[in-house]
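Each chain, letter by letter, is given below.
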Amino acid sequence: MKIAVISFTRRGSRLCSFLVEKLRERGEDCTGYVQQRFFSEEIRQQKGMNPVTEGVGEWTENQFNEMDGLIYIGAAGIAVRAIAPVLKSKLTDPAVVVMDETGGFAVSLLSGHVGGANRLAKAAAEICNAVPVITTASDVNGKAAIDVWADDHGLLVGDRHMARRLAAAALEDEPIGFFSDFPLEDKVPKEYMLNKPGKMNVWITVKRTAGEGMLRRLEDEGRVLHLIPKCLSVGIGCRRGVSGERLKAMVQKVLEGANLEERAVARLASIDLKKTEEGICWLAKHWKVPFLTFSAEDLERAEGTFAESSFVRQAVGAGNVCERAAMLAAGKGAVLAAGKQTGDGVAVAAASARYIVIENGKIL
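Worth saying up front: this structure is predicted, and the values here are computed from it rather than measured. (Residues numbered from 1 in each chain as written. Predicted model: local features only at pLDDT ≥ 70, side-chain atom pairs only at ≥ 80, totals over all residues. Heavy atoms only, no water.)

(A) Molecular detail of a positive patch on the surface. On the surface, Arg 10, Arg 11, Arg 14 and Arg 37 cluster together into a patch of positive charge. Note that Arg 14 resides in helix α1 (residues 10-25). (Patch = residues over 30% accessible without salt bridge, like charges linked within 9 Å, V, L, I, M, F, W, Y side chains within 5 Å. Areas by Shrake-Rupley, 256 points an atom, 1.4 Å probe, with all protein chains shown as cover. Salt bridge = Lys/Arg side-chain N within 4 Å of Asp/Glu carboxyl O. Lys, Arg positive; Asp, Glu negative; His and termini not counted. Charge placed at Lys NZ, Arg CZ, Asp CG, Glu CD. Helix = DSSP H or I, 4+ residues; strand = E, 2+ residues; numbered from the N terminus.)

What follows is the structure in structure tokens.
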């Protein structure tokens, strides 16, 4: 987590220095900012500490889109006035925490769940022996916040409006159903019912919609929140010079035809001859996913039955690029989720990990 800490008083500067040091020891990418007049030689020698000369509003504007979390050491009113002009959305705003200069309280002020302010406030409180102040309803009522649970397990929340409805139902002690297309090693939140329908329901899946049956009925009634694991690998073969936009359109067509979520794409893959292919590199950057490449020999070792092409084999040394690359990128135990489809000089396939393994709260 990229964190910036700012203080405004002499006493606050000492707390700022201490907090930055301890957060960095925990592996956080943390930077501290102290008013110039309190920037002592001792603080100057500490890693990650900087003097700040601009006003708090300008500092906040500069940091807001760069950091995952901001900690203000001072009055809450200072933080509120500073962040007010730059607020955008609870889905994108960074975590904001306020601490008093004595280190007595750590208040989760903004983006408690999605942005991680609740966790940051608790971490700061633990370091400083302070009292964490958390006001989000699910936390104060001892309920599991589904967006936090999803984030802890590497899952994307499919629909934020549906997530709010589910959270409201949980606060009213309504029954919540829990379904998953993948075996889970971690336990589901204690108030949720595994494989039983409830007033609202959670479904871990890479599918866009359910087929026939109970889940489809619940979806039609607006009672299902999708949690999406990023576990799809998309294999791509293409002619040289195909545009990124054309590749994107073809991949989206294949995913939609196979009823697969675009947001589940974790990586792109191809043969190593394409490692600098501009269109694929553009798409990987556009979707913010890695682009993996494999040699023809590696592709030939991929396990499975694939749609082979003698022309492709003669050209690149492997009879199929997209399916084999997708399977190798998805890892051991992968299954082909969308077979090879071609068009406009592009060949696309998608593979999914057969299982999701929960290890230290993350999907592998």
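(B) Just the packing of aromatic side chains, in detail. Taken as a whole and assessed by the stated rule, the structure comprises 4 aromatic pairs. Between Trp 59 and Tyr 72, the ring centres sit 5.8 Å apart and the planes meet at 80 degrees, which makes this aromatic pair edge-to-face. Residue Trp 59 is found in helix α3 (residues 56-64), and its partner Tyr 72 is found in strand β4 (residues 69-73); the two are separated by 13 residues along the sequence. Classification of Trp 59 by relative accessible area gives buried; the value is 0%. (Phe/Tyr/Trp six-rings, centres within 6.5 Å; stacked < 30°, edge-to-face > 60°. Buried < 20%, exposed > 50% of the residue type's maximum accessible area, 1.4 Å probe, protein only.)

(C) Main features of the confidence of the model for the protein chain. Overall, the prediction assigns the protein chain a mean pLDDT of 87, with 93% of residues at 70 or greater. Predicted confidence in the protein chain is weakest over strand β18 (residues 358-359), with a mean pLDDT of 40, and strongest over helix α11 (residues 278-287), with 96. (pLDDT = per-residue confidence, 0-100.)

(D) Inspection of the sheet that holds strand β3 (residues 49-52) at higher detail. Taken together, the 7 strands give an open sheet; going across it, the order is β3-β2-β1-β4-β5-β6-β7, and neighbouring strands pair in mixed fashion. Of all the strands in the sheet, the pair left with one neighbour each is β3 and β7 (131-133). Adjacent strand axes in the sheet meet at a mean angle of 20 degrees when their direction is disregarded. Sheet analysis places strand β2 (residues 29-35) next to β3, joined by 4 bridges and oriented parallel. Among the inter-strand pairings, Gln 35 is bridged to a residue of β3, identified as Val 52. Packed on one face of the sheet, helix α4 (residues 76-83) meets β4, β5 (95-99) and β6 (105-110) and runs near 20 degrees to β6. (Pairing = 2+ DSSP bridges. Axes fitted to C-alpha atoms, helices over the stretch in contact; angles between N-to-C directions. Contact = heavy atoms within 4.5 Å.)

(E) Representation of the side chain of Glu 261. Looking at where Glu 261 falls in the secondary structure, it is placed in the loop between α10 (244-257) and β14 (265-271). Residue classification places Glu 261 among the buried positions, given a relative accessible area of 11%. Ignoring any residue separated from it by four or fewer positions in sequence, one finds Glu 261 in contact with Val 206, Lys 207, Arg 208, Ile 228 and Leu 232.

(F) Representation of unusual backbone geometry within the structure. A positive phi angle is found at Lys 288, which is not glycine, with a value near 60 degrees. Inspection of the secondary structure puts Lys 288 in the loop between α11 and β15 (291-294). With a phi angle near 55 degrees, Asp 344 is a residue other than glycine that sits in the positive phi range. Within the secondary structure layout, Asp 344 lies in the loop between β16 (335-343) and β17 (346-352). Classification of Asp 344 by relative accessible area gives exposed; the value is 55%.

(G) Up close: helix α14 (residues 322-330). When you tally the buried positions in α14, you get 8 out of 9 residues, the bulk of the element. Restricting attention to buried positions, one finds in α14 the residues Cys 322, Glu 323, Arg 324, Ala 325, Ala 326, Met 327, Ala 329 and Ala 330. On its buried side, α14 packs onto β13 (232-238), β14, β15, α12 (296-300), β16 and β17. At the C-terminal side of α14, Gly 331 shows a positive phi close to 95 degrees.

(H) Local environment of the pattern of salt bridges. Applying the stated criterion across every chain yields a total of 12 salt bridges. With a closest N to O distance of 3.8 Å, Glu 300 and Arg 324 form a salt bridge. In this pair, Glu 300 is assigned in helix α12 and Arg 324 in helix α14, connecting sequence segments 24 residues apart. Note that Glu 308 is salt-bridged to Arg 324, the shortest N-O span being 3.1 Å. Placement of Glu 308 in the loop between α12 and α13 (310-316) and of Arg 324 in helix α14 is noted, with a sequence separation of 16 residues between them. Judged by its relative accessible area of 39%, Glu 308 is partly exposed. Using a relative accessible area of 8% as the deciding quantity, one classes Arg 324 as buried.

(I) Inspection of the sheet that holds β13 at higher detail. The strand order across the open sheet built from 5 strands is β15-β14-β13-β17-β16, with neighbouring strands paired in mixed fashion. A single partner strand is all that each edge strand has here, and the edge strands are β15 and β16. Neighbouring strand axes in the sheet, compared pairwise and without regard to direction, differ in orientation by 20 degrees on average. Where β13 meets β17, 7 bridges bridge the pair, whose relative direction is antiparallel. Following the sheet pairing, Cys 238 is matched in β17 by Val 346.

(J) The arrangement of the environment of Met 327 in detail. Checked against the element boundaries, Met 327 lands in helix α14. Taking the relative accessible area as the measure of exposure, Met 327 reaches 13% and is therefore buried. When the C-alpha positions of Met 327 and Ala 351 are compared, they lie 5.5 Å apart, and in sequence the two are 24 residues distant. When neighbours within four sequence positions are excluded, Met 327 is seen to be in contact with Glu 303, Phe 306, Ala 334, Val 335, Leu 336 and Ala 351.

(K) Focus on the nonpolar core. Counting 48 residues, the largest nonpolar core has Ile 146, Leu 227, Ile 236 and Leu 268 as its most contacted members. If sequence neighbours within four positions are ignored, Ile 146 has contacts with Ala 163, Leu 166, Tyr 192, Val 202, Leu 225 and Leu 227. Counting 28 residues, the second largest nonpolar core, distinct from the first, contains Leu 19, Val 20, Val 97 and Leu 120. (Core = buried A, V, L, I, M, F, W, Y, C linked by side-chain atoms within 4.5 Å.)

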